[in-house]
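Examination of the molecular architecture
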Amino acid sequence: MDTVLILMHVEKDAVPAKSALEALGAASEVANACGADLAVGLVGESLQPAANHIAGCGASQFLGVAGAEFKQARYGSDVAAAEAICRAAKPTIVIAPATSRWNRVVAGLAHRLGGRADTHVTDLVAANGEVKITRWYYRQRMEAVLQRTQRPWVIALEAGCHAPWKGDVGAAKVELVTATAPAAATRTTVTGVKTPASGQQTIRPDAELLFVAGAGWTKKQADGQTHAPEAESLIRGFLQFTNASLGSSKSLVDLSKDGQPVLTLMTHLNQIGQTGSTPRHLKGLSTCCHGEEPHAVGWRFITERRAVNLDPNCGWARGKTDVLYVADAFEVMRKVNALLAAKHA
Ligand SMILES: Cc1cc2nc3c(=O)[nH]c(=O)nc-3n(C[C@H](O)[C@H](O)[C@H](O)COP(=O)(O)OP(=O)(O)OC[C@H]3O[C@@H](n4cnc5c(N)ncnc54)[C@H](O)[C@@H]3O)c2cc1C
């Protein structure tokens, strides 16, 4: 019988990360649809609490590689652990959440097992024993559905594409597998994690709403003056009230290097678009941004889009948004923040 294996890292919490639970949800559906066994492979310092959290997922086996040397993200030890689990479970399909940690490992793992790997997978469909994946190309402009004959097939599933698995906590019996990581595989040590301050505060992948600011916030307004400090305070205020994630157009984040008025809460990490990111949020609100094609390709996975722009002929007006408010974003956001403040008071 075929086996679908889900790989997870057990990081600092006992509860597996949301992306891991999403990948588990997908793996469980694929296993059910194909009549395959589901196996769970855990890697980390200690595994039992995380295994117990997903005890009710229907897996026929819980395999684990445990130990201090498998706690930190490091290609050498991560691939050795994943390989040991795969050799024990003999899976046909291996699914991992597309975290930076697993993305780094899946190609090497597939090579070691004589299989194939696909990354940036956004959907998995199984019917009549056949598994198909969906993947986007050319910066989310083209969608392809793929099948492979080679096995094992190692698949890294992007976050936010599948409902997370939910079920009963229980007592899982974890079968420990020995992974040998040679000395050369453990010579890298993670000494700490540094996150840009603005990223910590403003990039929130799990937020329901994406708020995008464009270069218009720093342009001369009707009074012939720029109003960058007020723009910054309006945007900050909105983010504090709503916990929205903050995105930017390329023009706005590029301004700092051109010596023009800037919003200090913005870095290139906030940039959305062809050369920026493609985040997933239920709703998006764009302000003072023109909505040009290279920017709007980053909105591919935003379900409901709205934009505020003074220009009725802006790019958003050409079918790129559900609702366009032709209005002054300063006025709109002043009013919106006042309403939010009243609501919170
Ligand atoms: C190869 C390539 C890749 C690119 N990749 C990206 C990318 O990844 N992401 C990206 O964003 N761009 C990208 N660009 C750049 C993109 O083409 C645009 O230049 C950029 O998105 C424009 O940014 P903007 O809309 O903020 O600025 P602008 O084009 O200057 O637009 C500012 C807007 O603000 C409006 N405005 C001004 N004041 C107000 C006000 N008070 N109220 C309401 N509206 C107001 C104006 O009407 C105007 O529409 C790329 C370009 C190329 C060539």
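Conventions used here
- Residues numbered from 1 in each chain as written.
- Predicted model: local features only at pLDDT ≥ 70, side-chain atom pairs only at ≥ 80, totals over all residues.
- Heavy atoms only, no water.
- Core = buried A, V, L, I, M, F, W, Y, C linked by side-chain atoms within 4.5 Å.
- Buried < 20%, exposed > 50% of the residue type's maximum accessible area, 1.4 Å probe, protein only.
- Helix = DSSP H or I, 4+ residues; strand = E, 2+ residues; numbered from the N terminus.
- Contact = heavy atoms within 4.5 Å.
- Near = heavy atom within 4 Å.
- Polar contact = N/O pair within 3.5 Å; in protein donor to acceptor, adjacent residues only side chain to side chain.
- Areas by Shrake-Rupley, 256 points an atom, 1.4 Å probe, with all protein chains shown as cover.
- Nonpolar A, V, L, I, M, F, W, Y, C, P; charged D, E, K, R; others polar.
- Axes fitted to C-alpha atoms, helices over the stretch in contact; angles between N-to-C directions.
- Parallel < 35°, antiparallel > 145°, perpendicular 65-115°, else oblique.
- Left-handed = near helix turned anticlockwise from the far one by under 90°.

Counting residues in each nonpolar core, the largest one holds 36 residues, and the members touching the most others are Val4, Leu24, Leu38, Phe62 and Leu124. Contributing elements (two or more residues each) for this core: β1 (3-10), α1 (18-34), β2 (37-44), α2 (48-53), β4 (93-97), β5 (116-127), β6 (130-137) and β8 (153-157). If you tally residues by element for this core, the top one is α1, at 8 residues. The contact partners of leucine 124, leaving out residues within four places of it in the chain, are Ala26, Val30, Ile95, Val131, Lys132, Ile133, Ile155 and Leu157. Counting residues in hydrophobic clusters, the runner-up holds 27 residues, among them Leu7, Leu63, Val79 and Ala98.

Attention now moves to the site of the ligand. Surrounding the ligand, one finds 27 residues, the nearest of these being Ala215, Gln221, Ser249, Thr275 and His290. Between histidine 295 and the ligand, the recorded distance is 2.8 Å, taken from a side-chain N or O atom to an oxygen atom. Here a nitrogen atom of the ligand sits 3.2 Å away from a polar atom, N or O, in the main chain of leucine 310. Protein coverage of the free-state accessible area of the ligand, which is 990 Å², stands at 77%. Only α8 (250-254), α9 (293-296) and α10 (329-344) provide two or more residues apiece to the shell around the ligand. Of the residues belonging to the shell around the ligand, the class tally is 9 nonpolar, 13 polar and 5 charged.

The subject of this paragraph is the packing of helix α3 (residues 75-89) against helix α5 (residues 106-113). Closest axis-to-axis distance for the α3/α5 pair is 10 Å, and the angle between their directions is 45°. Judged on the interaxial angle alone, α5 and α3 are oblique. Between α3 and α5 the crossing geometry is right-handed. Side by side, α3 and α5 meet where Tyr75, Val79, Ala80, Ala82, Glu83, Cys86 and Arg87 of the first sit next to Gly108, Leu109, Arg112 and Leu113 of the second. Class assignment for the residues of the contact of α3 with α5 results in 7 nonpolar, 1 polar and 3 charged.

The values are spatial; any link to function lies outside them.
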